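Fold and geometry: a report
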2 protein chains.
Amino acid sequence: MAEESVRFGILGCANIANKLSRAINLAPNSTLHAISSRSLEKATAFASTNNLSPEVKLYGSYDEVLDDPSVDAVYIPLPTSLHLEWALKSVQKKKHILLEKPPALSVEELDKIIEACNANGLQLMDCTMWMHHPRTYRMKQLLGNPDLFGNLKSIHSNFAYCAGGDFLTKDIRVKPDRDALGALGDAGWYSIRAILWANDYQMPQTVTALPGHVVNEAGVILACGATFLWQDGRVATFECSFLSHMSMDIIVHGSRGCLSLRDFVVPYEENCASFLSSSNVSAYFLSSSNVKFPGNFDTGWDPRPTEHSVITELPQEALMVEEFSRLVKSIRDIGAKPDLQWSAITRKTQILVNAVNTSIKEGLISVTL
Amino acid sequence: MAEESVRFGILGCANIANKLSRAINLAPNSTLHAISSRSLEKATAFASTNNLSPEVKLYGSYDEVLDDPSVDAVYIPLPTSLHLEWALKSVQKKKHILLEKPPALSVEELDKIIEACNANGLQLMDCTMWMHHPRTYRMKQLLGNPDLFGNLKSIHSNFAYCAGGDFLTKDIRVKPDRDALGALGDAGWYSIRAILWANDYQMPQTVTALPGHVVNEAGVILACGATFLWQDGRVATFECSFLSHMSMDIIVHGSRGCLSLRDFVVPYEENCASFLSSSNVSAYFLSSSNVKFPGNFDTGWDPRPTEHSVITELPQEALMVEEFSRLVKSIRDIGAKPDLQWSAITRKTQILVNAVNTSIKEGLISVTL
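Criteria and cut-off values
Residues numbered from 1 in each chain as written. Chains lettered and ligands numbered in written order. Predicted model: local features only at pLDDT ≥ 70, side-chain atom pairs only at ≥ 80, totals over all residues. Heavy atoms only, no water. Domains from an automatic or database assignment. Contact = heavy atoms within 4.5 Å. Buried area = accessible area lost by both parts, 1.4 Å probe. Salt bridge = Lys/Arg side-chain N within 4 Å of Asp/Glu carboxyl O. Polar contact = N/O pair within 3.5 Å; in protein donor to acceptor, adjacent residues only side chain to side chain. Helix = DSSP H or I, 4+ residues; strand = E, 2+ residues; numbered from the N terminus. Nonpolar A, V, L, I, M, F, W, Y, C, P; charged D, E, K, R; others polar. UniProt positions renumbered as here; feature names shortened; annotations may be inferred. Expected span 1.5 Å × (residues − 1). Buried < 20%, exposed > 50% of the residue type's maximum accessible area, 1.4 Å probe, protein only. Phe/Tyr/Trp six-rings, centres within 6.5 Å; stacked < 30°, edge-to-face > 60°. Lys NZ or Arg CZ within 6 Å of the ring centre and 35° of its normal. Pairing = 2+ DSSP bridges. Axes fitted to C-alpha atoms, helices over the stretch in contact; angles between N-to-C directions. Least-squares fit on C-alpha atoms with pLDDT ≥ 70 in both. Disulfide = S-S within 2.5 Å. pLDDT = per-residue confidence, 0-100. Parallel < 35°, antiparallel > 145°, perpendicular 65-115°, else oblique. Left-handed = near helix turned anticlockwise from the far one by under 90°.

Here we come to the domain arrangement of chain A. Residue and element names in this part refer to chain A. Considered domain by domain, chain A is made up of domain 1 (6–130 + 317–338) and domain 2 (131–315 + 350–368). At the junction of the two partners, domain 1 supplies 28 residues and domain 2 supplies 28 residues. Carbon and sulfur atoms supply 60% of the area buried between domain 1 and domain 2, which totals about 2,400 Å² over both sides. In this assembly, domain 1 and domain 2 are joined by three salt bridges. When the shortest N-O distance is used, the salt bridge between K101 and D186 registers 2.7 Å. Seen at the junction of domain 1 and domain 2, the total is 18 residue pairs in polar contact (both at pLDDT 80 or more). Of the residues forming the side of domain 1 that touches domain 2, the biggest block, six residues, is contributed by helix α10 (residues 316–334). Broken down by class, the residue content of the side of domain 1 that touches domain 2 amounts to 17 nonpolar, four polar and seven charged.

The positions that UniProt labels "domain: GFO/IDH/MocA-like oxidoreductase" (unreviewed entry) are, in the present scheme, residues 149–259 of chain A. Measuring from the first to the last C-alpha atom of residues 149–259 of chain A gives 8 Å, for a span that is 18% helix and 38% strand.

With 19 residues, helix α10 (residues 316–334) of chain B extends 26 Å from end C-alpha to end C-alpha; this agrees with the ideal 27 Å at 1.5 Å per step. Following α10 of chain B by one or two positions, G335 of chain B has its phi on the positive side, about 75°.

Attention now goes to helix α4 (residues 83–92) of chain A. Residue and element names in this part refer to chain A. Looking only at α4, the buried set comprises H83, L84, W86, A87, S90 and V91. On its buried face, α4 is in contact with β1 (6–11), α3 (62–67), β4 (73–76), β5 (96–99) and α5 (107–119). One or two steps after α4, the chain reaches K94, where phi turns positive at roughly 60°.

A separate point is the packing of aromatic side chains. Under the counting rule described, the total for this entry stands at 24 aromatic pairs over all chains. Ring geometry for Y62 of chain A and W86 of chain A: centres 5.1 Å apart, planes at 90°, overall edge-to-face. With Y62 of chain A in helix α3 and W86 of chain A in helix α4, the pair connects residues that are 24 residues apart, well separated along the chain. Since its relative accessible area comes to 9%, Y62 of chain A is described here as buried. On the basis of an interplanar angle of 65° and a centroid distance of 6.3 Å, the ring pair of F228 of chain B and W230 of chain B is categorised as edge-to-face. For the pair shown, F228 of chain B and W230 of chain B are each scored as buried. Sitting above the plane of the W86 of chain B ring, K89 of chain B keeps its charged end 4.1 Å from the centroid.

The next point concerns unusual backbone geometry. For the bond running from D302 of chain A to P303 of chain A, omega is -5°, close enough to zero to count as cis. Along the chain, P303 of chain A turns up in the loop between β14 (272–279) and β15 (306–311). Across the junction of K101 of chain B and P102 of chain B, the peptide omega takes the value -5°, indicating a cis bond. Within the secondary structure, P102 of chain B is located in the loop between β5 (96–99) and α5 (107–119).

As a further point, take the pattern of salt bridges. Summed over all chains, the structure comprises 36 salt bridges over all chains. Ionic pairing is found between D111 of chain A and R347 of chain A, a salt bridge with its closest N-O pair at 2.6 Å. With a gap of 236 residues between them, D111 of chain A in helix α5 and R347 of chain A in helix α11 (residues 341–361) connect regions that are remote in the sequence. Accessibility expressed as a relative area gives 16% for D111 of chain A, which makes it buried. Across the pair D171 of chain B and R173 of chain B runs a salt bridge whose closest N-O atoms are separated by 2.8 Å. As far as the burial class goes, D171 of chain B and R173 of chain B line up, both buried. Ionic contacts of the salt-bridge type, sharing partners, join the residues E4, R7, D72, R332 and D333 of chain A into one network.

Now for the interface of chain A and chain B. Each partner contributes residues to the interface: chain A has 74 residues there, and chain B has 73 residues. The junction of chain A with chain B conceals about 6,400 Å² of combined surface from both sides, 58% of it contributed by carbon and sulfur atoms. Per-residue buried area on chain A facing chain B is highest for H245, Y268 and W301 of chain A; these three make up 13% of the total on that side. The residue E269 of chain B makes a salt bridge to R304 of chain A at a minimum N-O spacing of 2.4 Å.

This part is about the UniProt feature "domain: Gfo/Idh/MocA-like oxidoreductase N-terminal" (unreviewed entry) in chain A. According to UniProt, the "domain: Gfo/Idh/MocA-like oxidoreductase N-terminal" (unreviewed entry) feature falls on residues 6–125 of chain A. Between the first and last C-alpha atoms of residues 6–125 of chain A the distance is 15 Å; the span itself is 42% helix and 22% strand.

Right, let's get into the sheet that holds strand β6 (residues 124–126) of chain B. All names here are of chain B. In space, the six strands of this open sheet follow the order β3-β2-β1-β4-β5-β6, with parallel pairing throughout. Among the strands making up the open sheet, the edge pair consists of β3 (57–59) and β6. Across the sheet, the mean angle from the axis of one strand to that of its neighbour is 25°, orientation sign disregarded. Contacting β2 (30–36) and β3, helix α2 (residues 40–49) runs over the sheet at an angle of about 145° to β3.

Residues and elements named next belong to chain A. Within the open sheet, the six strands sit side by side as β3-β2-β1-β4-β5-β6. Their pairing is parallel. Across the chains shown, the open sheet's two edge strands, defined by having one partner strand only, are β3 (57–59) and β6 (124–126). Ignoring strand direction, the axes of neighbouring strands in this sheet form an average angle of 25°. Strand direction decides the pairing type here: β1 and strand β2 (residues 30–36), joined by six bridges, are parallel. Looking at the pairing, V6 lines up with S30 of β2.

What follows covers the relation of the copies chain A and chain B. What relates the two chain copies is a rotation about an axis together with a slide along it. Each copy superposes on the other: chain A lies on chain B with an RMSD of 0.0 Å after a rotation of 180° and an axial shift of 0.0 Å. Interpreted geometrically, this transformation is the action of a two-fold axis. Both copies share a contact surface, since 99% of the interface residues of chain A are interface residues in chain B too.

Okay, the environment of K57 of chain A next. Mapping K57 of chain A onto the fold places it in strand β3. For the pair K57 of chain A and P303 of chain A, spaced 246 residues apart in the sequence, the C-alpha separation amounts to 57 Å.

On inspection of all chains with the given rule, the structure shows zero disulfides over all chains. Take C13 of chain A: it sits in no disulfide, and the sulfur closest to it among the cysteines is that of C127 of chain A, at 15 Å. Take C127 of chain B: it sits in no disulfide, and the sulfur closest to it among the cysteines is that of C117 of chain B, at 13 Å.

On to the confidence of the model for chain A, then. Do not read the predicted coordinates in detail wherever pLDDT is low. Looking at chain A as a whole, its pLDDT mean stands at 94, while 95% of the residues score no less than 70. When the criterion is pLDDT under 50, residues 286–296 of chain A qualifies, and its contacts beyond four places in sequence or with other chains add up to 27 contacts.

Residues and elements named next belong to chain B. The geometry of α5 relative to helix α11 (residues 341–361) is characterised by a closest axis approach of 10 Å and an angle of 165° between their N-to-C directions. With respect to α11, the axis of α5 lies roughly antiparallel. Where α5 crosses over α11, the handedness of that crossing is right-handed. Of the residues in α11, those in contact with V107, L110, D111 and I114 of α5 are S343, T346, R347, Q350, I351 and N354.

Set out below in structure tokens:
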């Protein structure tokens, strides 16, 4: 029994479910057991588009997935406004939950989901895929190195894309009754998580939205930014947008080093990703004393930044599924308890997303946490 | 006469003058005629360190440079608090002025310098070297391309360095009676210029400092940031610091493209510099519609960003001197008028530097321009 895969059911055939159904199939400890949509036709079309095995069960309602006793865990890519309802129903049916981000519209909603999972011994994890790429761990090692990075001073992150087509009129992410947090809850989620990650999940003291956010006619955020300040002086800024061309940068500034990458959410290539770091670059030419090295007129950087490349044998989303399933198996097969670190960082991210939203709604006030 | 080089005198042997004396020697239309310091010993040591030609005149006071009728133009690397005095004295002696940044402590001071130069038909240019690198022109072409970049949406820039040693206690840039604008006037100058440059020198409507600035005991800024907002919704953020490891990034976000570089102030290498751009990257996987290309699960960026490399035969500071001298020669040899575009962008940069300073001093208020 301990060798058996975790069997997934998917609630809804959202576009992102294409990627996750593949990831579930790629993860060695996971099996796609069932998919569902609001109609059997949609589920059938999804199975066909994704060349799913004929053994995958196709359901015309989400409830049928929850009623299937073979399903260990559900992946929920529904619009955020439906997360609370379907997460709680999933908990009632004792299903572990891999939850698309943003997990909830408010911290209160999220807390109901977290409490329900915890009370029932069920694992909860949000779908922030880049967290699971080996590059992310490698970068964290560097950020923790006092000689190469020193103390974290500031971080900037952005995530933007122009999805084009009918996205700005029809996507759930621009609808107040679906994903009401708009670009902040979608693209902003990633940058806010990146900021928390770099800061060892220490929460800032204040959250202040930047001037210049853009909302649509229904009031949903299409672009915004914010700045965070920690008690010890660390600062962060981020931008997120549905209106700018694709970008996904992190730049982390330390007292002795700097780390940056431009593809943190979706790496340029699936099997190899890189980042840049520089440490202890000579800045003598900027100092007050006279030139130390005759003939050396700061004609460049010494040393130049280092590119670190990291191979991954599975794509980051499959690694996420694998880690989630590992935790689910520990609970299912050996009676372990849920790993609460994941819901803890989910909750911190949600708090900051909602604090930015509050700052925007209340005229760019500084929100104290 | 029209073939004769522009003859430079340098007022003060600041560290940066090492770089500029070399640049003057490298620029084909320029000659280093004289250097000066507050003592002849210092001037002699400077000449020795930099292997200056024995023909370069060494003066033990700045006035002697100004009194030398062979000097066409002066380079002024003095502390900012001395700029007004020595710029006006230089104008009295009909010297063109290449002025280290920040050019002044206030817009009012700068205006006195600009007005004096203009009234006397003298060229003024500030020392923002990266403006003169051919990479900068190449990047501007890309930013102006509607197909590859679209409309500018936002820009982020930073410039930081830890000069180390006794910089934080002894450098003129941390002294209220010398370069009172601190990191804002020094490192911040570059990022603010980058923001203006990318925005075709259109001024923002509001300037708001970010929480978390750091000042020393004397009140001089060691690190700060700000956000700018234009009337049409464009936004910018920048950070500058004496407390973080070397970094010098620009990221410009357009509706159809993105441009970035990490070494805008001092390129990694002197003779070749690069930047990255991406345009029209497919974001179909983020759209609301179902997967368009079976088998393509956004496993990377298509296309990947393009690296643009630009060769320069002269370092950027020599190109700056060359351009300045070309303008001086036009005035000296054919009776042209000063090119006022340079003082115009100097003034806009100074306005923004001082607006950020005002915002900081007045509790992070939003300063309307």
